[in-house]
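Coordinate inspection notes
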Amino acid sequence: MLFRCYISTDFEVHRNWMAITHKEPLSKWYYNNVSQWTLDYPPFFAYFEKTLSFIAEAVDKDILTLQEEPFLTDSVLIFQRVSVVAVDLLFIAACAIAAEALINLNQWGKGSINIRRKFALFITLVFTPSLILLDNIHFQYNSMLYGILLLSFAAIFSQKYLLGALLFAILLNFKHIYLYYVPAFVIFYLFEYLPPFNFYSLSRMFGLGLAVALPVIFSFGPFFAAGDIEGIQQILSRLFPFKRGLTHSYWAPNFWALYNSFDYILYKALPIFKLKKLCEATKILKCSFKAPTYVLGVVEEYSHSVLPNITPIHTLVATLVFLVPLFFMRISTKRERLLFSTILSGYAFFFFGWHVHEKALLMIYIPMILLSFDNLKFLDTFILLSIITPVTQFPLIFTSVENLVKYSLTLSYLITLICLLRFVYRLPFSQIVNKTNLGFAITVSLLEIYKVLIHELIFKNTMDFLPLMLTSLICAIGVTVSYGQFFYIVFCEGIKINLAKRRCHKLEAKIHAQIKEEAQKKFDIKNVQFVAGADISAFPSQPDLAVVSLSVLKYDTLEVVYYADKVVRLNQLYIPEYLAVREAEPVVDFINEHKCRHQIDVLLIDGNGQYHSRSKKY
């Protein structure tokens, strides 16, 4: 169905790479510049293109034409579309293997819930809309690469640590963007695989070193043999072109998108409000007021108009600073360290990296899918990223028909995701999509309406950069919120506990004061017709889920006249002697939801009362 969709320049990029690897000797692959689309992926991907070229030659030799101008025929189009579908099979298999390995490692009791979790995780991974948009419409091979990543995760979940390291090393030699994960994997193997450091750790170090070195040898070795160290240097110069500028032509939704947006706002606002002298007085701002070039949609180095310029060294320092928390995570399981580390490392590189592409947000999103099915604390962050991630890819696909495809695909995925989560956990919509995430969903929907229907009516053929800038800015805010949520959950448990205790103490004092006021009031038991009892109980295997129930009985006969229960998420921590922090709010919400459906004269709630350790304060 998607074969005749929008054709991006990546069709010519990958076709040209096939032609280069087929027509040129290996020593010339990374020197060839007949086309502007030079080979700039690591050697394993070049070998992959070489393999495809043999099949392409059998289909139609013209596919492998090496020339400066783009070459597109039906044979090229269909062959490349089919090649993506073929390697998607690896991704589908990897999704099934990863889902099986993760859920088997974290069983929630016995019964069908684990089967439902595996199925839901598998579907969520396989139908990730960003991968479909990037690979099956825009055209790339990201699914194949994330399939290798998932196989690496699955191997580690299954305690096959050397296989996991080998697969990750292979992935690095397919695409160097996965260097984002290197600090995470280094930390994981340093803390979880190599200890205890004794005589036997030498054999573990040797095995790990071999697993990492072998792919590098097979990847770069042939080029070293063909061109000595010069050949390796040429490959590296293609892999790391630092002269492309701070941001891509379409800004990835990270810190530098916020920085560019703020610079542009200052560039426009300072002259209007005649604040040039105040700007110059800061001695930090440039105040040159030269028209910025970062809004022209060109990949190049550029200067900021008002804010200080950013260099690669600035982005490196910022990234390294935000990688430091990797050393201070409190982790209870190995799988948590792996997933926390990869997500945290992905955030640091994506948020502060030099010339980051929008598709790199998937490097946060894919492990976040796994984490959310392992630990429900991260469900809100996962839902937010499920909304933001596909929206960041929307500007890549902009023709009318494809607009309908991308909107339908994303909306269908989000609806399916909510249905799957409800199917697995029996949670209501409000417990799956919180107000913040609902607000972001509405905001990006309004943004897309503006981009498609309103912008051209207002600005005609001018301000072309504005829809892209708004997309980057709004999505950058969403990514920032998700980063903050993740960081808060992982690192701020002590702060959360202290805040919760303070809140509980204030509420206790208020309740006791109210009890003293009402102690003198007379209570006539003759007016009691219905007595209700409410309670809540967390699932032993998943303490972030609980069942809250309410029963209403006729007082004189104790006949049950009304009953209701519901599965709820417990968003607060378990704090000994402060159980109300975790359980009171969902119980109160449930009672308020049902008290209008049946008369309740007396409500009984089980608690420690005067036997509680803090009761003597009052």
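For clarity, every value in this text was computed on a predicted model and none was experimentally measured.

**Structural notes on the overall build of the protein**
A tally of helices and strands in the protein yields 21 helices and four strands. By principal-axis analysis of the C-alpha atoms, the protein measures approximately 95 × 70 × 50 Å. Put simply, the protein has 618 residues, and 50% of those count as buried. On the protein, roughly 30,300 Å² of surface is accessible, and the fraction owed to carbon and sulfur atoms is 65%.

**As for the packing of aromatic side chains**
Enumeration over the complete set of coordinates arrives at 50 aromatic pairs. For the pair Phe487 and Phe491, a centre-to-centre distance of 4.6 Å together with 35° between the ring planes defines the contact as tilted. With Phe487 and Phe491 both in helix H19 (residues 465-491) and four residues apart, the pair spans about one turn of that helix. Phe487 gets classed as partly exposed once you look at its relative accessible area, which sits at 29%. Just above the ring of Phe423 sits the side chain of Arg116; from NZ or CZ to the centre is 5.7 Å. The ring of Trp108 carries the charged tip of Arg117 above its face, separated from the ring centre by 3.9 Å.

**Some thoughts on a nonpolar patch on the surface**
On the surface, Phe429, Leu438, Ile442, Leu446, Ile449, Val452, Leu453, Ile454, Leu457 and Ile458 cluster together into a nonpolar patch covering about 940 Å² of accessible area. The element contributing the most residues to the nonpolar patch is helix H18 (residues 435-459), with nine residues. With respect to the helices and strands, the residue Leu446 is situated in helix H18. Given the relative accessible area of 54%, Leu446 is considered exposed.

**Focus on the packing of helix H1 (residues 10-23) against helix H3 (residues 74-105)**
Two elements in contact, H1 and H3, have axes separated by 11 Å at closest approach and are oriented at 90°. In terms of orientation, H1 lies roughly perpendicular with respect to H3. Counting all contacts with H1, which are made through Phe11, His14, Arg15 and Met18, the residues of H3 involved are Val76, Leu77, Phe79, Gln80 and Arg81. Among the residues making up the contact of H1 with H3, the classes are represented as five nonpolar, two polar and two charged.

**Some details on empty space enclosed by the protein**
The full count for this structure, using the stated rule, is two cavities of 30 Å³ or more. Computed from the structure, the largest cavity encloses a volume of approximately 50 Å³. Lining the largest cavity are Asn142, Tyr146, Lys175, Ile177, Tyr178, Lys359, Ala360 and Met363. The residue inventory of the lining of the largest cavity, partitioned by class, reads five nonpolar, one polar and two charged. Of the voids in this model, the second largest cavity is the one considered here, and its volume is about 40 Å³. Lining the second largest cavity are His14, Tyr41, Phe45, Gln140, Tyr141, Asn142, Leu145 and Lys175. Split into classes, the residues belonging to the lining of the second largest cavity amount to four nonpolar, three polar and one charged.

**Concerning the packing of helix H14 (residues 362-374) against helix H15 (residues 379-393)**
For the pair H14 and H15, interaxial distance at closest approach is 9 Å and the crossing angle is 145°. In this structure, H14 meets H15 at a crossing whose hand is left-handed. Contact with H14, carried on its side by Leu362, Ile364, Tyr365, Met368, Ile369 and Ser372, involves Leu379, Thr381, Phe382, Leu385, Ser386 and Thr389 of H15 and no other residues of that element. A breakdown of the residues in the contact of H14 with H15 according to their chemical character gives eight nonpolar, four polar and no charged.

**Observations regarding the side chain of Asp544**
Residue position: Asp544 is located in the loop between strand S1 (530-538) and strand S2 (545-554). Note on Asp544: relative accessible area 8%, which makes it buried. Beyond its immediate stretch of four places on either side in the chain, Asp544 contacts Asn375, Leu376, Lys377, Val568, Arg569, Leu570 and Arg582.

**Section: the pairing of strand S3 (residues 560-569)**
The pairing of S2 with S3 spans nine bridges and is antiparallel. The residue bridging Ser551 from the neighbouring strand is Tyr563, located in S3. Connecting S2 to the antiparallel partner S3 that follows it, the hairpin turn spans five residues, and Leu558 within it adopts a positive phi of roughly 60°.

**Structural notes on the environment of Phe255**
Its place among the elements puts Phe255 in helix H10 (residues 255-272). In sequence terms Phe255 and Gly353 are 98 residues apart; their C-alpha atoms lie 9.0 Å from each other. Setting aside chain neighbours within four positions, we find Phe255 in contact with Phe351 and Phe352.

**Side note on the sheet that holds S1**
Pairing is mixed in the open sheet, where four strands are placed in the order S3-S2-S1-S4. Strands with a single pairing partner mark the edges of an open sheet, and in this sheet they are S3 and strand S4 (602-605). Pairwise comparison of adjacent strand axes, ignoring direction, gives a mean angle of 15° for this sheet. In the packing of helix H21 (residues 579-594) onto the sheet, contacts are made with S1, S2, S3 and S4, and the angle to S3 comes to roughly 135°.

**Section: the pattern of salt bridges**
Taken as a whole and assessed by the stated rule, the structure comprises eight salt bridges. Ionic pairing is found between Arg15 and Glu12, a salt bridge with its closest N-O pair at 3.0 Å. Separated by three residues within a single helix, Arg15 and Glu12 lie in helix H1, roughly one turn from each other. Comparing Arg15 with Glu12, the two get one shared label, buried. Across the pair Arg337 and Glu192 runs a salt bridge, and its minimum N-O distance is 2.6 Å. Of this pair, Arg337 sits in helix H13 (residues 334-352) while Glu192 sits in helix H8 (residues 182-192), and the two are 145 residues apart along the sequence.

Conventions used here
Residues numbered from 1 in each chain as written. Predicted model: local features only at pLDDT ≥ 70, side-chain atom pairs only at ≥ 80, totals over all residues. Heavy atoms only, no water. Helix = DSSP H or I, 4+ residues; strand = E, 2+ residues; numbered from the N terminus. Buried < 20%, exposed > 50% of the residue type's maximum accessible area, 1.4 Å probe, protein only. Areas by Shrake-Rupley, 256 points an atom, 1.4 Å probe, with all protein chains shown as cover. Phe/Tyr/Trp six-rings, centres within 6.5 Å; stacked < 30°, edge-to-face > 60°. Lys NZ or Arg CZ within 6 Å of the ring centre and 35° of its normal. Patch = residues over 30% accessible without salt bridge, like charges linked within 9 Å, V, L, I, M, F, W, Y side chains within 5 Å. Salt bridge = Lys/Arg side-chain N within 4 Å of Asp/Glu carboxyl O. Axes fitted to C-alpha atoms, helices over the stretch in contact; angles between N-to-C directions. Parallel < 35°, antiparallel > 145°, perpendicular 65-115°, else oblique. Contact = heavy atoms within 4.5 Å. Nonpolar A, V, L, I, M, F, W, Y, C, P; charged D, E, K, R; others polar. 1 Å grid on protein atoms, 1.4 Å probe; cavity = no way out; pocket = protein on both sides within 12 Å on 5 of 7 lines; lining within 4 Å. Points joined across faces, edges and corners; volume = space filled by probe spheres on them. Left-handed = near helix turned anticlockwise from the far one by under 90°. Pairing = 2+ DSSP bridges.

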